[in-house]
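Take a look at the letters that make up each chain.
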Amino acid sequence: MAICAKLSHTLTSKFKKANLYYVAATVVLCCTFYVIGLWPQGGDVTTIQLSSTAILPTLPCNPSIKTPNPTPSSSISIDFTAHHIADSLTALSPSARVNHFPSCNPEFSEYTPCEDSKRSLKFDRNMLIYRERHCPEKNELLKCRIPAPFGYKPPFRWPESRASVWYANVPHKHLTIEKAGQNWVRFKGDRFVFPGGGTMFPRGADAYIDDIGKLIKLKDGSIRTAIDTGCGVASWGAYLLSRDILPISFAPKDTHEAQVQFALERGVPALIGILATNRLPYPARAFDMAHCSRCLIPWGKYDGLYLIEVDRILRPGGYWILSGPPINWEDHWRGWNRTAGDLKAEQDQIESVARSLCWKKAIQRGDLAIWQKPTNHMHCKINRKVFRKPPFCQEQDPDKAWYTKIDACLSPLPEVSNVRDVAGGPLVNWPERLTAVPPRIASASIEGVTAEGFSKDTELWKKRVTHYKALDGQLAERGRYRNILDMNAWLGGFAAALVDDPVWVMNVVPVEAEVNTLGVIYERGLIGTYQSWCKAMSTYPRTYDFIHADSVFTLYQDRCEIEDILLEMDRVLRPQGSVIFRDDVDVLVNVKSIVDGLQWDSRMVDHEGGPHVREKLLIATKQYWTVPAPDQDKQ
């Protein structure tokens, strides 16, 4: 036992000595490496203060700001503030800036690139192909700013704008002469006035809509979206708005000079467009109601091709309304300067096409005829044994509608299990429709979008629009803006957040977007269109008061030139109108350099989440300027 105790004591003593050696060696090594670490900084090992502020000097985030080396006696505090806030971003050098874009010649004040009348003459007149979109090639693009006409004024505010437009803004009297007896538009002093008349509604659009309301339900919220084909000055759409029905009106840029331009100046949603050989730029099952009042579209020709296209964009159970020739031809054929037999044959042809589409004629009373699309295609598929034309389309995306030819086939509705079911899912009535989960999302038809994600997106945009209004006083001012464009609308959350303001929003889903969500936007009771921003929009200059561009330039990176998109935005934006760009900070720095070249007033601000978020906002306002006065041109 004594031997064991002595051995244990000896081993313990040796281990303690070894530990002392290890500790001493560690201390020597630490001191050595510490001295080596100080050596590049030029520090005096014997005199330097061992404080955290001396060892970790504060350096600026901005490398362009030079800071002298810290001295041993200086006391430097650590700066925890953000250095990447929008206000302090480094401006590009003058050599990196884009030159100012000059003003285009005054003759381009109403230039619509893809509907240019000179270019259209090169194309086939058969089926009005020459009036479809035909855009300039890249080497033909204008690199100048479209001027407003001399004397241009901010439009009247809604609802006064529905009845009045400044002559200087749309200096065309052609329609006042051609439609003088039809009460479309009149010229008085310095403005045009719109009595609300039309060829087929001499008592005014309001009374005409009341007549429709006696035949179908317009007040219960079941009808929210409508399309007016061959709209004239869009009085039908203008008066639908007061009934909480949101229309899109379209007409070609033709001999009826500026009819769509009048509609837009009045504050009514409209686009330049025509039924010819291409599909209309809207998804399938978009509209609750379609309308034609003497719109001069040959509905019965070409195997009913144009009614086939109307069927595609009508939702299940939707209505098609027709007034004018040949409806009620028995009373009007002498005044229409056509034979009774000719008009009867035209109506018979329309009736036959409607039956082949499985439409039911709901009612014809006086000058109005209304058909209804079926809520599903269960019976229609059985009827194909009788009506062999048009056949059902095979393996075709009914939502695809950008430079897509109209096929003489019937777009099949989604399958149902019961004859009483609504294909694709029923829509709730407006206004609940705005926030209810759209059927396309509920059925998991939209990749990557769930009901929960939809609800979160709706709430997110309410917060963002509140933030926008705090930044842009003009957006917050009720009635300052009327026509709004959302260039990359996603689920329509931005437009939904503005629903209580006296505005309408054209929601654009870019054709380059990974997911086609325009059908969802329509199911919410909103409107929109497809568009590629590498091409011009089918609208007149000075269409929109406000533009929202969320991640547009990230989407189009390496697809087309930033400056061409910005020049198009400048073309469609009204003088003194505003834009909110939302994108990555590096992208927006480049955008701002071109915006400065457009002579817009702009400022970069932080994301609503604070300065540490890379995404920033660029708020820009287009300056007021016009072509010179006529006497200045002469000088």
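In the annotation of an unreviewed UniProt entry, the entry for the chain reads Methyltransferase, and the organism field reads Anisodus tanguticus. Under the UniProt heading Sequence similarities (unreviewed entry), the note attached to the chain is "Belongs to the methyltransferase superfamily."

Colleague: How should I be thinking about the sheet that holds strand E4 (residues 225-229) in this particular structure?
Modeller: The pairing of strands in a sheet comes from backbone hydrogen bonds and takes either a parallel or an antiparallel form. The mixed open sheet is built from seven strands, whose spatial order is E6-E5-E4-E7-E8-E10-E9. Each end of this open sheet is capped by a strand with a single partner; those strands are strand E6 (270-272) and strand E9 (360-365). On average, each strand axis in the sheet is inclined to that of its neighbour by 20 degrees, with strand direction left out of account. Of the strands in this sheet, strand E7 (287-293), strand E8 (314-323) and strand E10 (368-372) are in contact with helix H5 (residues 205-213), which crosses E10 at around 50 degrees. Those strands touched by helix H8 (residues 305-313) are E4, E7 and E8, and its axis lies near 135 degrees from that of E8.

Colleague: It is not clear to me how the side chain of His607 should be interpreted in this structure. Could you clarify?
Modeller: Of note, His607 is situated in the loop between strand E16 (601-606) and strand E17 (615-621). At a separation of 2.7 Å, a polar atom in the side chain of His607 contacts the main-chain amide nitrogen of Gly609.

Colleague: Whenever I open this one, the nonpolar core confuses me. Can you help?
Modeller: Nonpolar side chains tend toward joint burial in soluble globular proteins. Counting residues in each nonpolar core, the largest one holds 132 residues, and the members touching the most others are Met289, Trp299, Trp320, Leu485, Met569 and Phe581. It is H8 that provides the largest number of residues to this core, a total of six residues. Here Met569 is in contact with Met487, Ile547, Ala549, Phe553, Val579, Phe581 and Trp600, once residues within four sequence places are set aside. Trp184, Phe192, Ala258 and Phe262 belong to the second-largest nonpolar core, a separate cluster that totals 10 residues.

Colleague: Teacher, can you tell me more about the packing of aromatic side chains here?
Modeller: The geometry of an aromatic ring pair is captured by two quantities: the separation of the ring centres and the angle between the planes. This model, assessed by the stated rule, comprises 22 aromatic pairs. Their ring planes at 90 degrees and their centres at 5.4 Å tell us that Tyr282 and Phe287 sit as a pair that is edge-to-face. Given a relative accessible area of 1%, Tyr282 falls into the buried group. Each member of the aromatic cluster is reached from another via a ring pair, and the members are Tyr167, Phe187, Phe192, Phe194 and Phe262.

Cut-off values and rules
Once a new chain begins, its residue numbering starts again from 1 and follows that chain's sequence as written. Only residues with pLDDT of 70 or above have their local features reported here, since the model is predicted, and side-chain atom pairs are shown and tallied only from 80 upward, although totals for entire chains, interfaces and linings are computed over all residues. Remark: hydrogens and water are excluded; side-chain values derive from all non-hydrogen atoms of the structure. UniProt positions are given in the numbering used here, feature names are shortened, and annotations may be inferred rather than shown by experiment. Two strands are said to pair when DSSP picks up at least two bridges between them. Secondary structure elements follow DSSP: runs of H or I of four or more residues count as helices, runs of E of two or more count as strands, with numbering from the N terminus. Every axis in this analysis is a line fitted to C-alpha atoms, fitted for helices over the stretch in contact. Angles between the N-to-C directions lie between 0 and 180 degrees. Contacts between residues were defined by any pair of non-hydrogen atoms, one from each residue, lying within 4.5 Å. Whenever two N or O atoms come within 3.5 Å, that pair is a polar contact, provided that in protein one can donate a hydrogen and the other can accept it, and provided that, for residues adjacent in sequence, both atoms are side-chain atoms. By nonpolar core we mean a set of buried residues, namely Ala, Val, Leu, Ile, Met, Phe, Trp, Tyr and Cys, connected to one another through side-chain atoms within 4.5 Å. Categorising residues by exposure relies on relative accessible area from a 1.4 Å probe, with only protein chains included: less than 20% of the type maximum marks a residue as buried, more than 50% marks it as exposed, and the intermediate range marks it as partly exposed. The rule is short: rings of Phe, Tyr and Trp, with Trp giving its six-membered ring, pair when the centres are within 6.5 Å, and they are stacked under 30 degrees, edge-to-face over 60, tilted in between.

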